[in-house]
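Read off the chains here:
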Amino acid sequence: MKKLLNTLYVTTQKAYLKKEGESVVVMIDNEIRLRLPIHTLDGIVTFGAVSVSPYLLHHCAQNDVTVSYLSEYGQFLARVQGLASGNVLLRREQYRMADNETRCLHISRSLLKGKIHNSRVVLRRAVRDHPETADTEKLKCA
């Protein structure tokens, strides 16, 4: 198991995750191997035969911690997530904008300008940071 950024990856087969107070406890062979406060996590990803207690699932849902289930080889199986909060008025306005061609064109142009600008920044950074390995002339032309 590894904790990368704010995600706990559990790869040990037959591990058991449970809630203990405000913490996530990882048990392997009835021995506590890891204890993490729930507030430090954004997500838990389990690979293969890893069990999660219902109390921990409920606790994760209350604390906006997503629990994802993958096969032992990394194929996505399922995800458990708490209540989704959204702004109905915002969604309605987004649908209205999607129906208006003039507004869509304006948004699309802005997105394209941003993507082109960011691509240019990436190319210039490659020339600046790796002049010995990059084909600088081609990158400068691009």
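The numbering scheme is per chain: residues are counted from 1 as the chain's sequence reads. Thresholds applied to this predicted model are a pLDDT of at least 70 for local features of residues and 80 or more for the giving and counting of side-chain atom pairs; totals over whole chains, interfaces and linings are not thresholded and use all residues. Hydrogens and waters are ignored; side-chain quantities use all the structure's heavy atoms.

Enquirer: Just checking my understanding: could you explain the pairing of strand 6 (residues 43–47) for this structure?
Expert: In summary, the side chains of a regular strand alternate between the two faces of the sheet. Only protein chains enter the area calculation, which uses a 1.4 Å probe; residues under 20% of their type maximum are buried, those over 50% are exposed, and those in between are partly exposed. The helix and strand labels rest on DSSP assignments: H or I over at least four residues marks a helix, E over at least two residues marks a strand, and numbering proceeds from the N terminus. The buried fraction of strand 6 is high, at 5 of 5 residues. Along strand 6, one buried face is formed by Gly-43, Val-45 and Phe-47 and the opposite face, lined by Ile-44 and Thr-46, is buried too. The pairing of strand 2 (residues 7–10) with strand 6 spans 4 bridges and is classified as parallel. Its bridge partner being in strand 6, Leu-8 is matched across the sheet by Ile-44. Any two strands with at least two DSSP-identified bridges between them are counted as paired. For strand 6 and strand 8 (residues 66–70), the ladder comprises 5 bridges, and the chain directions are parallel. Pairing of Gly-43 across the sheet is with Thr-66, part of strand 8.

Enquirer: I keep staring at helix 1 (residues 54–62) and nothing clicks. Help me out?
Expert: Every buried residue of helix 1 is accounted for by Leu-56, His-59 and Cys-60. Along the axis of helix 1, the buried residues cluster in a sector spanning 100 degrees; they form a single face. Opposite the buried face of helix 1, at more than 90 degrees from it, the exposed residues are Pro-54, Tyr-55 and Gln-62. Looking at the buried positions of helix 1, the neighbouring elements they touch are strand 3 (16–20), strand 4 (23–28), strand 6, strand 7 (51–52) and strand 8. Asp-64, located one to two residues past helix 1, shows a positive phi value of around 55 degrees. By arc we mean the arc of the directions from the helix axis to the C-beta atoms, nothing more. We call two residues in contact when some of their heavy atoms are within 4.5 Å.

Enquirer: Would you explain the sheet that holds strand 4 in this entry?
Expert: Adjacent strands of a sheet pair through backbone hydrogen bonds, lying either parallel or antiparallel. The strand order 5-4-3-7 describes an open sheet built from 4 strands, whose pairing is mixed. In the strand order of this sheet, the two ends are held by strand 5 (31–37) and strand 7, each with one partner. Axis definition: a line fitted to C-alpha atoms, over the contacting stretch in the case of helices. Angles run 0 to 180 degrees between N-to-C directions. On the sheet, helix 1 packs against strand 3, strand 4 and strand 7 and is oriented at approximately 65 degrees with respect to strand 3.

Enquirer: What's the story with the nonpolar core in this structure? I'm lost.
Expert: The nonpolar side chains of a soluble globular protein tend to be buried with one another. Counting 18 residues, the largest nonpolar core has Leu-8, Leu-17, Val-24, Leu-41, Ile-44 and Cys-60 as the members making the most contacts within it. Among the elements that take part in this core, strand 4 stands out by supplying 3 residues, more than any other. With near-sequence residues (within four places) excluded, Cys-60 lies in contact with Ile-38, Ile-44, Val-65 and Val-67. In this text, buried Ala, Val, Leu, Ile, Met, Phe, Trp, Tyr and Cys residues form a nonpolar core when linked through side-chain atoms within 4.5 Å.

Enquirer: In this structure, what is going on with the environment of Val-80? I would like to understand it.
Expert: Among the structural elements, Val-80 can be located in strand 9 (residues 76–80). You can call Val-80 partly exposed: its relative accessible area is 32%. The spatial distance from the C-alpha of Val-80 to the C-alpha of Val-122 is 36 Å, given a sequence separation of 42 residues. Non-local contacts of Val-80, meaning those with residues more than four positions away in its chain, are made with Leu-57, Val-65, Thr-66, Val-67 and Tyr-69.

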